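# Reading the structure
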Amino acid sequence: MASGAAPSTAKSGKLEIKHSLSLLDVLYANQFEGESFPLELLHQTEENFYRGAPPKWLNFHISEQRESDGTGTPFIKRDGYDTLVETIHQRRRFPGISTVQLFHQPGCGGTTLAMKVLWDLRKTFRSAVLTGSTSDITKVAEDVVQLFTAGSRRNHNTVLLLVNDEKIMKELEGSIKVTIAEQDIHVPGHMPVAILLNCVRKDVVLQSDHIVLQKDLSEEEKHKFDEKKKELSIRYSDGHKQFHGFNIMQTNFSQAYIQEACSVFKTTKKANRPQKNQLAAFLSLLNAYVPGSFLLESKCMDFFKHDDYSHGDFSLEDRMEPFSHLIITFQQDGRSEKKVCMAHPMIAQCCTELMARSGVTRSDTARNLLTRLCFDETPPFLVGFIKDMLTKRGTKPKDMKKEEDPIDGTEFEERYSRLILDIQKIESNKQSVSVLKVASQLFQRNPFFPQALARFYYTELRYYNRAEKWAKRAKLRDPQNSFVADTLGQVHKNHLKNKERPAKPREILQLASKAIEAFKDEERLAENQQGSEMKGDGSTKVSNVFNVRGQVGYVQVCNLVYDLLVSQNDTWREVLTKNVSLGSVLESLGDNKLFRFNDLINSLRDEIERKCAFFDKYLTYSKPDVKDDPAYISEDTSKCYRNFVGNSPSKAFKQKGADLIQKLKQNLANTSAGVLSCLDRECTESDLKEITTWWEEIFLQKDTVTALVNYILAHIMLRNMGAISPSDCKHLAAFKEKMPLIPNDSPELHMLALLLCWPTGSEAKCVLDLNELIRRMNRSYEVAYKIHFRSRYLRPLFFIGNGEDLKRIVHRKVLENLFLEQSEETKQDWSNNWRKEKIFKVPEVQARLVKVEGVVRKYRVFATIDDVMIEVDANRQNSLWRPRRVSFYLGFTIRGPVAFDIQTKPAAKDKTDCVAEEISGMNRSEPEQITPEDTTGGQQFVDLHQTHLMNGVSDTGAILDKLKDGGWISEENYEALRSLNKAQDQMSGILQCLTSGGKDALYEILKRMRSMRPLIAELEGSE
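Residues numbered from 1 in each chain as written. Predicted model: local features only at pLDDT ≥ 70, side-chain atom pairs only at ≥ 80, totals over all residues. Heavy atoms only, no water.

Ranked by size, the top nonpolar core spans 119 residues in total, and within it Leu279 and Leu390 carry the most contacts. Listed in part, the 80 residues of the second largest apolar core include Ile716, Leu773, Ile787 and Ala874. (Core = buried A, V, L, I, M, F, W, Y, C linked by side-chain atoms within 4.5 Å. Buried < 20%, exposed > 50% of the residue type's maximum accessible area, 1.4 Å probe, protein only.)

Before going further, it helps to examine the side chain of Ser622. Mapping Ser622 onto the fold places it in strand S12 (residues 622-623). Residue class for Ser622 comes out buried when judged on its relative accessible area of 0%. A distance of 2.7 Å separates a polar atom in the side chain of Ser622 from the backbone oxygen of Tyr618. Separated by 2.8 Å, the side chains of Ser622 and Arg792 make a polar contact. (Helix = DSSP H or I, 4+ residues; strand = E, 2+ residues; numbered from the N terminus. Polar contact = N/O pair within 3.5 Å; in protein donor to acceptor, adjacent residues only side chain to side chain.)

The mixed open sheet is built from six strands, whose spatial order is S1-S3-S4-S5-S2-S6. Bordering the open sheet on either side are strand S1 (24-27) and strand S6 (211-213), each of which pairs with just one other strand. Averaged over all pairs of adjacent strands, the angle between their axes in this sheet comes to 25°, without regard to strand direction. Bridging between strand S2 (residues 96-104) and S6 involves three bridges; their strand directions are parallel. Bridging from a neighbouring strand, His104 pairs with Leu213 of S6. Where helix H4 (residues 110-120) meets the sheet, its contacts fall on S1, S2, strand S3 (126-130), strand S4 (159-163), strand S5 (192-201) and S6, and the angle it forms with S5 comes to roughly 160°. (Pairing = 2+ DSSP bridges. Axes fitted to C-alpha atoms, helices over the stretch in contact; angles between N-to-C directions. Contact = heavy atoms within 4.5 Å.)

Attention now moves to empty space enclosed by the protein. Taken as a whole and assessed by the stated rule, the structure comprises five cavities of 30 Å³ or more. Its boundaries defined by the atoms lining it, the largest cavity holds a volume of some 70 Å³. If you trace the largest cavity, you find it lined by Glu46, Phe49, Tyr50, Asn59, Ile62, Ser63, Arg66, Gly72, Thr73, Phe75, Lys228 and Glu231. Mapped onto the lining of the largest cavity, the elements with two or more residues apiece are helix H1 (39-51), helix H2 (57-68) and helix H7 (219-236). The dominant element in the lining of the largest cavity, judged by the number of residues it contributes, is H2, at four residues. Within the lining of the largest cavity, the residues separate by chemical class into four nonpolar, four polar and four charged. (1 Å grid on protein atoms, 1.4 Å probe; cavity = no way out; pocket = protein on both sides within 12 Å on 5 of 7 lines; lining within 4 Å. Points joined across faces, edges and corners; volume = space filled by probe spheres on them. Nonpolar A, V, L, I, M, F, W, Y, C, P; charged D, E, K, R; others polar.)

Strand order across the open sheet formed by three strands is S7-S9-S8, with antiparallel pairing between neighbours. With partners counted over all chains shown, the strands left at the sheet margins are strand S7 (295-296) and strand S8 (327-330), one partner each. Against the sheet, helix H10 (residues 275-289) makes contact with S7, S8 and strand S9 (339-342), and its axis sits at roughly 75° relative to S9, the strand it touches most.

A rise of 1.5 Å per residue sets the reference length of helix H19 (residues 464-477), with its 14 residues, at 20 Å; its end C-alpha atoms lie 20 Å apart and thus fit the reference within 8%. Three or more residues of H19 are buried, namely Tyr464, Ala467, Glu468, Trp470, Ala471 and Ala474. (Expected span 1.5 Å × (residues − 1).)

The next point concerns the packing of aromatic side chains. Working definition: an aromatic ring pair is given by the centre-to-centre distance plus the angle between the planes. Considering all chains together, one arrives at 40 aromatic pairs under this definition. On the basis of an interplanar angle of 45° and a centroid distance of 5.8 Å, the ring pair of Phe840 and Phe900 is categorised as tilted. Here Phe840, found in the loop between helix H36 (830-836) and helix H37 (843-848), pairs with Phe900, found in strand S20 (residues 897-904); they are 60 residues apart in sequence, far enough to count as distant. Residue Phe840 is classed as buried on the basis of its relative accessible area, which comes to 0%. Stacked on the ring of Trp470, the Lys or Arg Arg473 has its end atom at 4.4 Å from the ring centre. One cation-aromatic arrangement involves Lys851 over Tyr889; the distance from NZ or CZ to the ring centre is 4.4 Å. (Phe/Tyr/Trp six-rings, centres within 6.5 Å; stacked < 30°, edge-to-face > 60°. Lys NZ or Arg CZ within 6 Å of the ring centre and 35° of its normal.)

A few words on unusual backbone geometry. The omega torsion across Glu321 and Pro322 is 10°, close enough to zero to call that bond cis. In this fold, Pro322 is placed in the loop between helix H12 (316-319) and S8. Cis geometry is found at the peptide bond from Arg501 to Pro502, where omega equals -10°. Non-glycine residue Asp867 carries a positive phi angle of around 70°. Here Asp867 lies in the loop between strand S17 (860-865) and strand S18 (868-874). Classification of Asp867 by relative accessible area gives partly exposed; the value is 45%.

Set out below in structure tokens:
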């Protein structure tokens, strides 16, 4: 990257970035200004683009120059352009980091549209494309922050970053925020750090709230393409007829045009194919199934090294005749090698289909590609393309049938990649197996090809022995990967599920033991597979999500065992629930050799209790960040628990209070998570009263803290149900006597302690150190749950509401019910609602809760109680970018207290506000406070010189920030004024909405602004 070009600045100055941003392709505000280019380069760049090559920044410059000198029509903007630009400008109103998503089908101009937007906004934002590796998100974030600051703390400007990888978005946002905080960068309150334009390529684009681009032109778009075609036909004469990338769109993606363009492939034959035919087939197959894929030109030339042309000086274009017009060779920048691809994904698809009709099948081409191009050291990018082509599973609409393979969220995924599915459908299962087998044998270190092969064997062919063989090979290639290990368990589970009926108990238990062993091993690997924030020594496997497939698979196998055995002989019910020993009933079961499974059978009930307790917490305390958990997890777990535990008390369980514990198990309330999920499970009032009573009796019998906590929690749940309950929680004092808790206590105990001692205005000051309680709860959470809940959204469990004592503790479900009563939608995406905080817009919800006062400082939020700052988490991280006094609703997750619906607090004349203002000022780049020194002079000055101030003040953005930080204008007025385009209009609005105290503050702000000192001195001298 050249270091001397000027990125866009808020003040239109020319800044230099001193260090190379190796991962970003930065588009400068003055890109190409004053530069001249050889005509041949301009001609070739434009021609390549219209033929189908990816756009370059130079393409947009060429188009602008042609438009300005009258020799060309404007660059075509698809209909989504205006919406995309408007959405980006709307995001400028919000601080922090925001994301705009553009979904587009391959080959319909999505990437071109996104780059055109970046080009047009290059003088407003600092535009860039993420082109480097995303393996180190921290480095990407550092580059983004460096571009934001441009090497200077006083020349910030928002980065508009084009990102093509949807999977990294959340992690990238978090990493940018951490980098900003670590570098102690003061971000102006009105300025976002980055707007991430996420360009997502999808074969099937469903309707959504995001911007969508599809293979269908509007009438206005058709007219624009027709005008451009006239221009190109004049400039390039007959040459424009081979501008396939452009022509396909101009004909509205006409299949007739594509068929005609690809007609040369109709004569292709399977026998004696020249190397150029084979290479064309490789490119077509890759581009048809992996849009955006390519081969290096050098690799293509190597393919011809034994050809008759090898001694001659022939270009790739010459060698590929008569297919050359369908193939593009391009170079993205001067440092990279030339790349080769088909002119358009639809051309690639058509060529692949035409060759298949001529006998050159997809499986033939795939095998030939693997054996001819993948030898020695295959480049990683090519391995990635092949992996996507053979193993990447597409998505289905949500109403499609659920997959058998119980994977979080994959119920809407296809079984296999599109290529394998097409080979299966058009050719045969045998050919699908053949392709996957060649890839598995060729890439001997890659686990994903044998994994896909194993899946195909057990799901499609039910060849379980072969599936087991390849699943084991996959596991050997990546022995620490729990997701790879899952396949072996799935093989055995499906073998058990599809076993011919009736199966002998010994065969059932034999298969079950193999499946259970595989799933237990997978669970062990998952526990050791660290999250991305816990990379440790660099050798530990890293995963952004915790793999629960092992636990789910274990539960499903146990359900199968129970159903298969009990359906044959009811005695198995007593054996599996440990009410009778296996040895005592062998004779009635008719097979003495079954005793070798005695250890397995004895372990099932206790292990199931542990698994179900895990899912109780997993589903109660957290949800996926984007969607709900698949329903089968809860359904299968509940069924397994009822079969083995809930409905069958163990005769071996003789502890004190065992009968009460069994009753709680039957009601799924024998853990704290079970009690806390009672409202979600819609327990009846009578059931909840019994649960409360049973926990009280257990506490009286055993005097354990856990029993006491569960009794109090059940009492709280009963109150939230609206039940008529005793006025007092009998043993509340007993718990308070045990506080403060020790660090080793569970997060549930710490949460209850915080709920009980959190002070409100009507109560005495808390005698405990709330910050220390929160730290202990955080540490307890990290030990108990962090590894399992990583990347998941922690659900709020309780909120601080109106009332006293236990009456003020409001369960999340109560608020959700209030929201539902006011909502027209019967089905809610609660994860989305809580993340976006829609629920707090409902007046009935607001009336149920109390606001907590606090401050935002150093990108953190604090509750302020009696002049003490107590740090809490923020539900929405983008609320933390501007230091200010705030108020919020206080919720509690299993990790600790969380601020919801953070709002700027209006200015007030009391001690608390002065403290908050002092704290807020600590996060400003200027050390001084903005407080009026003269309570009359400032107001008089502003009133006297209103006209001069409206005409002479230009930096209204900084003034608005400081007035808002000081609490002199409201959030609503701030946003309204920021939306005005002219500084004069903004200043007029400022003067209209300020009180006398606010005008005093404005006067002090103006005096301290270096740029305003001449005007202020002039106006003061005129008085």
